[in-house]
Amino acid sequence: MYDSINFAQGSTFGQCLYCFLLYCFLLLFTFRGNVSNLFIKDDIKGGRIFLFCGLLLFALTSFVGDDFFHYYEFMSEYRGQIFGDQEHGLETFYQYIIHYIKGNYFLFRLIVWGSSLSLIVLATRKFGANVYHTLFVILAGFIITFSYARVTLAMAILSLGVAIICNATEYELNRRLRLTILGLLITMSSIYFHRSMLPVIVVVICWAIMPWKKHIAKYSMILFPVFVAICSVVLKVAFEELFQVANAVEDESGMLDRAEFYSEQDSIIHNANGYIRLFLHYTTFYLPLLLISNAFRVERVLQSVEKKIIWLYQFVYLIFVFATSLLFMDFESETLFYRYLYMSFIPMSMLIVYMKDKGALTKMQYLLLIASFIVSNLFDLFGVVYGKMK
């Protein structure tokens with residue numbers, strides 16, 4: 001499938017234009033069924049299959065992301081043996097895949113992103129959200145995030161564990177305890193698929209053991225800057241201690257070295273275009289959080305939604321607090337911030353659909369979200385195409 005691609009030169013104008021047109025094509029055939037008045041009833045099997053295949057195709061041919069070419073470079077160095085984690089930066093799981101598929105890049109992406117999509121569907125079903133509309137929200141707002149790197153598989157595993165924990169709140173104590181333990185085990189297993197999951201696993205453990213109440217969600221937006229300030233102070237102390245320990249003993253996992261590497265990467269803000277791009281991109285994350293938080297301020301909504309929705313919202317909320325607090329660290333770039341912010345996109349998609357399904361988000365609010373998603377992605381994709389024209 002990739003025989004005609006020159007991986008050494010990176011993406012071309014034609015490849016980037018293809019990604020732009022593919023995104024428009026997928027939107028064209030799924031938009032009406034996801035914004036019409038028949039929103040809840042329009043969950044047809046054909047639509048789910050079309051979106052599943054469309055998202056997978058975009059991930060298989062995601063030429064707009066640098067990692068698409070970086071992974072191939074690693075494949076080209078394949079020699080038939082299993083490498084250590086530190087040597088090539090890939091977790092052992094992916095190295096075993098490469099070993100058994102003989103370095104076939106198409107099969108590698110098919111396995112990783114096909115598994116990711118399947119787990120997203122499973123997590124959505126476990127949570128009880130509409131699969132068709134959840135896949136559409138991912139298409140409209142997070143398709144570049146979904147297809148950019150192997151961490152998507154770890155995110156999907158994490159989301160499955162979180163969905164099981166949320167569902168556990170609907171059962172009696174004994175079954176709830178068993179499901180919560182199962183969810184935590186699945187969540188913790190995500191670290192074997194990407195090392196960066198460790199801080200999020202800590203967040204999940206804290207979230208799972210905290211006695212959440214509905215009134216916390218009601219005042220969550222007001223408390224957001226307070227939590228971010230507290231988290232920033234805690235993280236600064238934690239990072240200082242961890243790096244001191246890493247200097248004193250050998251960091252076999254290489255996680256701290258990778259964290260330091262990402263914190264020193266160059267910022268992508270170089271001009272007005274960069275500011276506009278970042279504003280639109282991060283709007284796709286913070287605008288849903290703002291609208292959902294505002295919905296919970298209404299007593300009727302707060303009392304009518306199921307407990308599992310409150311739990312899922314509070315998990316997404318904690319991810320935002322953690323990611324946002326990284327902006328106030330003494331890092332040279334925002335790389336760590338957006339990497340952890342991205343980890344909210346799957347549960348956020350389920351939450352948006354469920355809130356719209358239950359009437360907690362109005363149709364106008366939902367349309368505003370979808371419009372902001374599409375504008376952001378079109379700006380990103382067209383920007384890449386335009387850059388290749390120069």
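Residues numbered from 1 in each chain as written. Predicted model: local features only at pLDDT ≥ 70, side-chain atom pairs only at ≥ 80, totals over all residues. Heavy atoms only, no water.

A.B. asks: Outline the overall build of the protein chain, supporting the account with residue identities and numerical values.
C.D. replies: A count of helices and strands for the protein chain gives 19 helices and zero strands. Across the 390 residues in the protein chain, those meeting the buried criterion constitute 54%. Residue pairs at least 24 apart in sequence account for 81% of intrachain contacts in the protein chain once pairs closer than 6 positions are excluded. Within the structure as shown, the protein chain displays about 18000 Å² of accessible surface, and the carbon and sulfur contribution to it stands at 63%. (Helix = DSSP H or I, 4+ residues; strand = E, 2+ residues; numbered from the N terminus. Buried < 20%, exposed > 50% of the residue type's maximum accessible area, 1.4 Å probe, protein only. Contact = heavy atoms within 4.5 Å. Areas by Shrake-Rupley, 256 points an atom, 1.4 Å probe, with all protein chains shown as cover.)

A.B. asks: Can you lay out a nonpolar patch on the surface for me, pointing to particular residues and giving the numbers?
C.D. replies: The grouping of Leu177, Ile181, Leu185, Met188, Ile205, Ile209 and Met210 at the surface amounts to a nonpolar patch, some 650 Å² of accessible area in total. Looking at the nonpolar patch, the elements with two or more residues in it are helix 9 (173–189) and helix 10 (198–209). Judged by relative accessible area, which is 34%, Ile205 ranks as partly exposed. (Patch = residues over 30% accessible without salt bridge, like charges linked within 9 Å, V, L, I, M, F, W, Y side chains within 5 Å. Salt bridge = Lys/Arg side-chain N within 4 Å of Asp/Glu carboxyl O.)

A.B. asks: Residue-level account of the environment of Ala168, with values.
C.D. replies: Along the chain, Ala168 turns up in helix 8 (residues 151–168). Setting aside chain neighbours within four positions, we find Ala168 in contact with Arg176, Leu179 and Thr180.

A.B. asks: Before we move on, can you summarise the side chain of Thr30 with the specific residues and values?
C.D. replies: Within the element layout of this structure, Thr30 appears in helix 1 (residues 13–35). Among the polar contacts listed, one links the side chain of Thr30 to the backbone oxygen of Leu26, at a separation of 2.6 Å. Contact partners of Thr30, with chain neighbours within four places excluded, come to Phe50, Leu51, Tyr132, Phe136 and Leu139. (Polar contact = N/O pair within 3.5 Å; in protein donor to acceptor, adjacent residues only side chain to side chain.)

A.B. asks: Can you explain the pattern of salt bridges? Please cite residues and give values.
C.D. replies: In the structure shown here, the tally under the stated rule is three salt bridges. Of the charged contacts, one joins Arg150 and Glu91 as a salt bridge, the two residues approaching to 2.8 Å between their closest N and O atoms. Here Glu91 lies in the loop between helix 4 (85–88) and helix 5 (92–100) and Arg150 lies in the loop between helix 7 (131–147) and helix 8, a separation of 59 residues in the sequence. Each member of the pair, Arg150 as well as Glu91, is classed as buried. In this structure, Glu91 and Arg195 form a salt bridge, with 3.7 Å as the shortest nitrogen-oxygen distance. On the criterion of sequence distance, the pair formed by Glu91 in the loop between helix 4 and helix 5 and Arg195 in the loop between helix 9 and helix 10 is long-range, its members being 104 residues apart. When its relative accessible area of 2% is taken as the criterion, Glu91 is described as buried.

A.B. asks: Account for the packing of helix 1 against helix 19 (residues 363–389), with residues named and values stated.
C.D. replies: Their axes nearest at 8 Å, the elements helix 1 and helix 19 cross at an angle of 165 degrees. Relative to helix 19, the element helix 1 lies roughly antiparallel. Relative to helix 19, the crossing made by helix 1 is left-handed. (Axes fitted to C-alpha atoms, helices over the stretch in contact; angles between N-to-C directions. Parallel < 35°, antiparallel > 145°, perpendicular 65-115°, else oblique. Left-handed = near helix turned anticlockwise from the far one by under 90°.)

A.B. asks: Describe the packing of helix 7 against helix 19, naming the residues involved and giving the relevant values.
C.D. replies: In the contact formed by helix 7 and helix 19, the axes pass within 8 Å of each other and the chain directions differ by 35 degrees. Pair helix 7 / helix 19 crosses with left-handed handedness. Mapping the contact onto sequence places Phe136, Val137, Leu139, Ala140, Gly141, Phe142, Ile143 and Ile144 in helix 7 and Tyr366, Ile370, Phe373, Ile374, Asn377, Asp380 and Leu381 in helix 19. Class assignment for the residues of the contact of helix 7 with helix 19 results in twelve nonpolar, two polar and one charged. (Nonpolar A, V, L, I, M, F, W, Y, C, P; charged D, E, K, R; others polar.)

A.B. asks: Talk me through the nonpolar core; I want residue IDs and the actual numbers.
C.D. replies: When a protein is soluble and globular, its nonpolar side chains tend to lie buried together. One finds Phe108, Trp207 and Phe296 to be the most contacted residues of the largest nonpolar core, which totals 132 residues. For this core, the leading source of residues is helix 16 (residues 307–325), giving 14 residues. Setting aside its immediate chain neighbours within four residues, Phe108 contacts Tyr71, Met75, Tyr94, Ile97, Ile98 and Ile101. (Core = buried A, V, L, I, M, F, W, Y, C linked by side-chain atoms within 4.5 Å.)

A.B. asks: Describe the state of the cysteines, naming the residues involved and giving the relevant values.
C.D. replies: Evaluated as defined, the whole model comprises zero disulfides. Here Cys16 is not disulfide-linked; the sulfur of Cys19 is the nearest cysteine sulfur, at 6.4 Å. (Disulfide = S-S within 2.5 Å.)

A.B. asks: Let's hear about helix 5: which residues, and what values?
C.D. replies: Listed in full, the buried residues belonging to helix 5 are Tyr94, Gln95, Ile97 and Ile98. Down the axis of helix 5, the buried side of the element spans an arc of 155 degrees, and every buried residue falls inside it. Phi turns positive, to about 60 degrees, at Lys102, one or two residues after helix 5. (Arc of directions from axis to C-beta.)

A.B. asks: Summarise helix 16; cite the residues concerned and give the values.
C.D. replies: With 19 residues, helix 16 extends 27 Å between its outermost C-alpha atoms, agreeing within 8% with the 27 Å of an ideal straight helix rising 1.5 Å per residue. Most of helix 16 is tucked away: 18 of the 19 residues are buried. (Expected span 1.5 Å × (residues − 1).)

A.B. asks: Can you break down the packing of aromatic side chains residue by residue, with the values?
C.D. replies: Considering all chains together, one arrives at 33 aromatic pairs under this definition. Each ring, one from Tyr71 and one from Phe108, has its centre 6.0 Å from the other, and the planes form 65 degrees; the classification is edge-to-face. Of this pair, Tyr71 sits in helix 3 (residues 66–76) while Phe108 is found in helix 6 (residues 105–127), placing the two residues 37 residues apart along the sequence. The pair Tyr71 / Phe108 is uniform in exposure class, with both members buried. On the numbers, 5.7 Å between centres and 20 degrees between planes, the contact of Phe285 with Tyr342 is stacked. Taken together, the positions of Phe285 in helix 14 (residues 272–295) and Tyr342 in the loop between helix 17 (335–341) and helix 18 (345–357) put the pair 57 residues apart, joining distant regions of the chain. (Phe/Tyr/Trp six-rings, centres within 6.5 Å; stacked < 30°, edge-to-face > 60°.)

A.B. asks: Explain the confidence of the model for the protein chain to me, using residue names and the numbers behind them.
C.D. replies: Counting all residues, the mean pLDDT for the protein chain is 83, and 81% of those residues have values of 70 or more. Low confidence marks residues 38–42, where pLDDT is under 50. Its contacts with residues over four positions away, or in another chain, come to twelve contacts. (pLDDT = per-residue confidence, 0-100.)

A.B. asks: Now, about the environment of Thr187: what can you tell me, with residues and values included?
C.D. replies: Position of Thr187 relative to the elements: it lies in helix 9. Given the relative accessible area of 0%, Thr187 is considered buried. Between the alpha carbons of Thr187 and Ala156 there is a distance of 9.5 Å; along the sequence they are 31 residues apart. Once you skip the residues sitting within four places of it in the chain, Thr187 turns out to touch Leu158, Gly161, Val162, Ile201 and Val204. At a separation of 2.8 Å, a polar atom in the side chain of Thr187 contacts the main-chain carbonyl oxygen of Gly183.

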